[in-house]
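Below, each chain spelled out in residue letters.
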Amino acid sequence: MSVHRPGRPRTTRRVSPRSRLTAAGVLLAVLSLLFTLPATAQGADKPERGEARMGMGVVAHDGQGGLPRETRAVQTEGVDVSSHQGNVNWSALWTSGVKWAYVKATEGTYYKNPYFAQQYNGSYNIGMIRGAYHFATPNTTTGAAQADYFVNNGGGWSRDGKTLPGVLDIEWNPYGAACYGKSQSAMVTWIRDFLNRYKARTGRDAVIYTATSWWTQCTGNYGGFGSTNPLWIARYNTTPGTLPAGWGFYTMWQYTSSGPIVGDHNKFNGALDRVVALANG
């Protein structure tokens, strides 16, 4: 407790205008530093729009196990690529036994793969059967709009025996909430709109690429597409595991993101003639 001594006037400390300005400057500097810290330091290490690629959320959400076991069933090796791989050494992949490929063409209605021509044409020129895929962002535009964007920018199809039907890559949202802020029924509606427009534009049923855990969480394990749309399942383990409802078998299986040459490797559930059959429709 302070004591006022008689004879001494009580004094009040005054803060000078210069001191106020200095304190304000320090505060502004601190706030500026917070806003300019790297994204990882702020706990928001999200990729830039357009950087999403097939399977980028698999390890984080489903983990990673061993490589597939050898079976008697004949399977055909394939790869999937995006701008993440840049210019791809297709000759090396072909020599290693890869016979089919999928190339990212588009994302949302705002991104086109700048390496698409080298990847799509390069795989074709080396002899592979190839197709294109679209990374879906259901929270940005409608399914129909994204199907149109995909078809208009590399996702079309022709019956030449070398072009696979387009793929709807529908998986965890790398930019935000896993299900893109949609209810399970709204997600099913969005997917159906994409598939219907793609078929109207190309005459083919698109392949659906997804992971069982995402499909269960974000569509309620909807089983209505299994009779029309081939399944490309994502699971980095010794087996593809439980499939989403509606599919009794998978057509393709992405089994690793750390394979030779490009990383993302896949198995087609059948011999090369079955890959050709899918291409021809």
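Rules used throughout
For every chain, the first residue of the written sequence is number 1, and numbering continues from 1 onward in sequence order. Residues qualify for local features only when their pLDDT is at least 70, as the model is predicted, and side-chain atom pairs are given and counted only at 80 or more; totals for whole chains, interfaces and linings, by contrast, use all residues. By convention in this description, side-chain values take in all heavy atoms of the structure and omit both hydrogens and water. Residues belong to a common nonpolar core when they are buried Ala, Val, Leu, Ile, Met, Phe, Trp, Tyr or Cys residues joined through side-chain atoms within 4.5 Å. Remark: exposure states derive from per-residue accessible area (1.4 Å probe, protein chains only) relative to the maximum for the residue type, with buried under 20%, exposed over 50%, and partly exposed in between. The helix and strand labels rest on DSSP assignments: H or I over at least four residues marks a helix, E over at least two residues marks a strand, and numbering proceeds from the N terminus. Here a helix's expected span is defined as the number of its residues, less one, multiplied by 1.5 Å. The arc in question is formed by the directions pointing from the helix axis toward the C-beta atoms. Note on disulfides: each one is a pair of cysteine sulfur atoms within 2.5 Å. Confidence scores labelled pLDDT are given residue by residue by the predictor and lie between 0 and 100. Two residues form a contact once any of their heavy atoms are found within 4.5 Å. Only when DSSP finds a minimum of two bridges between them are two strands counted as paired. Note on handedness: a crossover is taken as right-handed if, strands pointing away from the viewer, the path from the first strand over the helix to the second is clockwise. A pair of aromatic rings is counted whenever rings of Phe, Tyr or Trp (Trp by its six-membered ring) have centres within 6.5 Å, and the orientation is called stacked for planes under 30 degrees apart, edge-to-face for over 60 and tilted otherwise. Note on geometry: a ring has a charge over it if NZ (lysine) or CZ (arginine) is within 6 Å of the ring centre and within 35 degrees of the ring normal. Where helices are involved, their axes are fitted lines through C-alpha atoms of the stretch in contact, as for all axes, and angles between N-to-C directions lie from 0 to 180°. These descriptions rest on fixed angle ranges, namely under 35 degrees for roughly parallel, over 145 for roughly antiparallel, 65 to 115 for roughly perpendicular, and the rest for oblique. Rotating anticlockwise by less than a right angle from the far helix to the near helix defines a left-handed crossing, while the corresponding clockwise rotation defines a right-handed one. Polar here means any residue outside two lists: the nonpolar Ala, Val, Leu, Ile, Met, Phe, Trp, Tyr, Cys and Pro, and the charged Asp, Glu, Lys and Arg; Gly therefore counts as polar.

> Help me understand the nonpolar core in this model?
Where a protein is soluble and globular, its nonpolar side chains tend to be buried together. Ranked by size, the top nonpolar core spans 66 residues in total, and within it Trp 100, Tyr 102, Ile 170, Ile 191 and Trp 232 carry the most contacts. Per-element accounting of this core gives the leading share, seven residues, to helix α6 (residues 184-202).

> Whenever I open this one, α6 confuses me. Can you help?
Because each turn of an α-helix spans 3.6 residues, side chains separated by three or four positions in sequence point in the same direction. In this model, α6 (19 residues) spans 27 Å end to end at C-alpha, consistent with the 27 Å of a helix rising 1.5 Å per residue. For α6, the full list of buried residues reads Met 187, Val 188, Trp 190, Ile 191, Phe 194, Leu 195, Tyr 198 and Thr 202. Each buried residue of α6 lies within a common arc of 160° when the element is viewed along its axis, so the set occupies one face. Every exposed residue of α6 that faces more than 90 degrees away from the buried side is listed here: Ser 185 and Ala 200. Once α6 finishes, Gly 203 follows within two positions and takes phi at roughly 85°, a positive value.

> Which parts of the structure should I look at to understand the state of the cysteines?
A covalent bond between the sulfur atoms of two cysteines is referred to as a disulfide. Counting across every chain of the model gives one disulfide. One disulfide bridge connects Cys 179 with Cys 218, the sulfur atoms lying 1.9 Å from each other. Negative torsions about the S-S bond denote left-handed disulfides, and the value of about -75° found for Cys 179 with Cys 218 makes this one left-handed. Separated by 39 residues along the polypeptide, Cys 179 in the loop between β5 (167-169) and α6 and Cys 218 in helix α7 (residues 212-219) bring together distant segments of the chain. Classification of Cys 179 by relative accessible area gives buried; the value is 13%.

> Before we go on, may I ask you to explain the confidence of the model for the protein in this structure?
Low-confidence regions, as indicated by low pLDDT, have predicted coordinates that should not be scrutinised in detail. Per-chain confidence: the protein averages 88 in pLDDT, with 84% of residues scoring 70 or above. Low pLDDT, under 50, characterises residues 1-12; the predicted model gives this stretch two contacts beyond four residues in sequence or across chains. For the stretch residues 26-44, pLDDT sits under 50, and the model shows six contacts to residues farther than four places along the chain or on other chains.

> Hey, could you run me through the pairing of strand β7 (residues 231-234) in this one?
The side chains of a regular strand alternate, residue by residue, between the two faces of the sheet. What you see with β7 is no split at all: Leu 231 and Ile 233 on one side and Trp 232 and Ala 234 on the other are buried throughout. Examined bridge by bridge, strand β6 (residues 207-210) and β7 share three bridges and lie parallel to one another. From the neighbouring strand, Ile 208 faces β7, where its bridge partner is Leu 231. As for the winding sense of the linkage, the β-α-β connection from β6 through α7 to β7 is right-handed. Sheet topology note: the β7/strand β8 (residues 252-256) ladder contains three bridges and is parallel. In the strand pairing of β8, Trp 232 is matched with Met 252.

> What exactly am I supposed to notice about the pairing of strand β2 (residues 100-107) here?
In terms of residue burial, β2 counts as a mostly covered element, since eight of its eight residues are buried. Here four bridges tie strand β1 (residues 76-81) to β2, and the two strands are oriented parallel to one another. In the sheet register, Val 81 faces β2, and the bridge partner there is Val 103. Here β2 runs beside strand β4 (residues 129-135); their pairing, made up of seven bridges, is parallel. Within the sheet, the bridge partner assigned to Ala 101 lies in β4 and is Arg 130. Of the pairings in the sheet, the one linking β2 to strand β3 (residues 111-112) comprises two bridges and is antiparallel in character. Bridging across to β3, Glu 107 finds its partner in Tyr 111. As consecutive antiparallel partners, β2 and β3 are separated by three residues, and within that stretch Gly 108 has a phi angle of approximately 55°, a positive value.

> I tried to follow the packing of aromatic side chains on my own but got confused; where do I start?
For any two aromatic rings, the description comes down to two numbers: the centre-to-centre distance and the angle of the planes. Counting across every chain of the model gives 15 aromatic pairs. Cluster of aromatic residues (ring-pair linked, three or more members): Trp 100, Tyr 102, Tyr 209, Trp 232 and Phe 268. Over the face of the ring belonging to Tyr 120 we find Arg 130, whose NZ or CZ atom lies 3.9 Å from the ring centre.

> Mind showing me how you'd approach the packing of helix α5 (residues 143-152) against α6 here?
Think of two packed helices as two axes; the pair is described by the angle between the axes and how far apart they sit. Look at α5 against α6: their axes get within 7 Å of each other, and the N-to-C directions meet at 40°. The angle between α5 and α6 falls in the class oblique. Between α5 and α6 lies a crossing of right-handed hand. Taking contact as the criterion, the partners of Gly 143, Ala 144, Gln 146, Ala 147, Asp 148, Phe 150, Val 151 and Asn 152 in α5 are, on α6, Trp 190, Asp 193, Phe 194, Arg 197, Tyr 198, Arg 201 and Thr 202. Here the contact of α5 with α6 is built from residues that sort into seven nonpolar, four polar and four charged.

> Just to check I follow, could you spell out the packing of α6 against α7 for this structure?
Two elements in contact, α6 and α7, have axes separated by 7 Å at closest approach and are oriented at 115°. The angle between the axes of α6 and α7 places the two elements in the roughly perpendicular class. Between α6 and α7, the contacting residues are Gln 184, Met 187, Val 188 and Ile 191 on the first element and Trp 214, Trp 215, Thr 216, Gln 217, Cys 218 and Thr 219 on the second. Residues that form the contact of α6 with α7 fall into these classes: six nonpolar, four polar and no charged.

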